Amino acid sequence: MKNRKTVVVVGSLNMDLVACAPRLPQKGETIFGKEFATFPGGKGANQAVAAGKLGAKVYMAGCIGRDGFGNELMASLRSNQVNTDFIRQVDGSTGTALITVADDGANTIVVVGGANMECKPIDVDRALACCLEPGILLVQNEVP
């Protein structure tokens, strides 16, 4: 596709850790869950994947940790046609979201920013420098 829009996404890259339970626990309570799964996520990464699936030429800028979650996120992005050249690996853990979902759909989410908090203006500048033709810049408020 010659006329594809170039999309640069600056944002978070998280691994979502999702536990399903009959209901949400009360303060100080332990309950038994029914299922557990991990999913690539983060608002920025989700935007990049969606744009890639729609056929855009996508560049992602952000940070991941030097860990297994970071490796999984990179593989997921690449498999969804997202260029990962501007994702920087940093010391520390990749961002995570701890999500509990009740049978009725109610949920609680705790986001641990991790490597996302290391995203710097230079990371954005490097990604934007790659795009000589007009395009789209997608940002959200999960990185500094």
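Here, the structure is the one placed above.
All of the points below concern the structure found in this document. Note that the coordinates shown come from a computational prediction; the quantities given were computed from them, not determined experimentally.

What about the pattern of salt bridges?
Line of reasoning, step 1. In this structure the tally under the stated criterion is six salt bridges.
Line of reasoning, step 2. The shortest N-O distance in the salt bridge between Lys34 and Asp103 comes to 2.6 Å. One end of the pair, Lys34, is in the loop between β2 (14-21) and β3 (35-41); the other, Asp103, is in the loop between β6 (95-102) and β7 (107-112), and 69 residues separate them in sequence.
Line of reasoning, step 3. Of the charged contacts, one joins Arg66 and Asp91 as a salt bridge, the two residues approaching to 3.0 Å between their closest N and O atoms. Of this pair, Arg66 sits in the loop between β4 (57-65) and α2 (68-79) while Asp91 sits in the loop between β5 (82-90) and β6, and the two are 25 residues apart along the sequence.

A word on the sheet that holds β7
Consider a sheet: its strands pair through backbone hydrogen bonds, and that pairing is either parallel or antiparallel.
Line of reasoning, step 1. Strand order across the open sheet formed by four strands is β3-β2-β6-β7, with mixed pairing between neighbours. Each end of this open sheet is capped by a strand with a single partner; those strands are β3 and β7. Strand after strand, the sheet turns through a mean of 15° between neighbouring axes, direction not considered.
Line of reasoning, step 2. Judged from the eight bridges that link them, β2 and β6 form a sheet pairing that is parallel. Residue pairing in the sheet places Ala21 in a bridge with Ala102 of β6.

Some thoughts on the nonpolar core
Line of reasoning, step 1. Grouped together as the largest cluster of nonpolar side chains are 18 residues, with contacts concentrated most on Leu13, Ala48, Val58, Met60, Leu77 and Ile87.
Line of reasoning, step 2. Within the residue set of this core, elements represented by two or more residues are β1 (6-10), β2, α1 (43-53), β4, α2 and β5.
Line of reasoning, step 3. Looking at this core element by element, the count peaks at four residues for α1.
Line of reasoning, step 4. By size, the runner-up hydrophobic cluster in this structure holds twelve residues, among which are Val8, Ala61, Cys63 and Ala127.

Regarding the sheet that holds strand β8 (residues 135-139)
Line of reasoning, step 1. Taking strand neighbours across the sheet as the criterion, the four strands line up as β5-β4-β1-β8 in an open arrangement whose pairing is parallel. Each of the sheet's edge strands pairs with one partner strand only, and the pair in question is β5 and β8. Neighbour to neighbour, the strand axes of the sheet diverge by 15° on average, direction disregarded.
Line of reasoning, step 2. The strands that α1 touches are β1, β4, β5 and β8; relative to β4, the one it contacts most, it runs at about 155°.

Let's talk about the pairing of β5
Line of reasoning, step 1. The pairing of β4 with β5 spans seven bridges and is parallel. Within the sheet, the bridge partner assigned to Val58 lies in β5 and is Val82.
Line of reasoning, step 2. For the crossover from β4 across α2 to β5, the handedness is right-handed.

Reading the values: the criteria
Residues numbered from 1 in each chain as written. Predicted model: local features only at pLDDT ≥ 70, side-chain atom pairs only at ≥ 80, totals over all residues. Heavy atoms only, no water. Salt bridge = Lys/Arg side-chain N within 4 Å of Asp/Glu carboxyl O. Helix = DSSP H or I, 4+ residues; strand = E, 2+ residues; numbered from the N terminus. Pairing = 2+ DSSP bridges. Axes fitted to C-alpha atoms, helices over the stretch in contact; angles between N-to-C directions. Core = buried A, V, L, I, M, F, W, Y, C linked by side-chain atoms within 4.5 Å. Buried < 20%, exposed > 50% of the residue type's maximum accessible area, 1.4 Å probe, protein only. Contact = heavy atoms within 4.5 Å. Right-handed = clockwise from strand over helix to strand, strands pointing away.

Function cannot be inferred from these measures alone, as they are strictly geometric.
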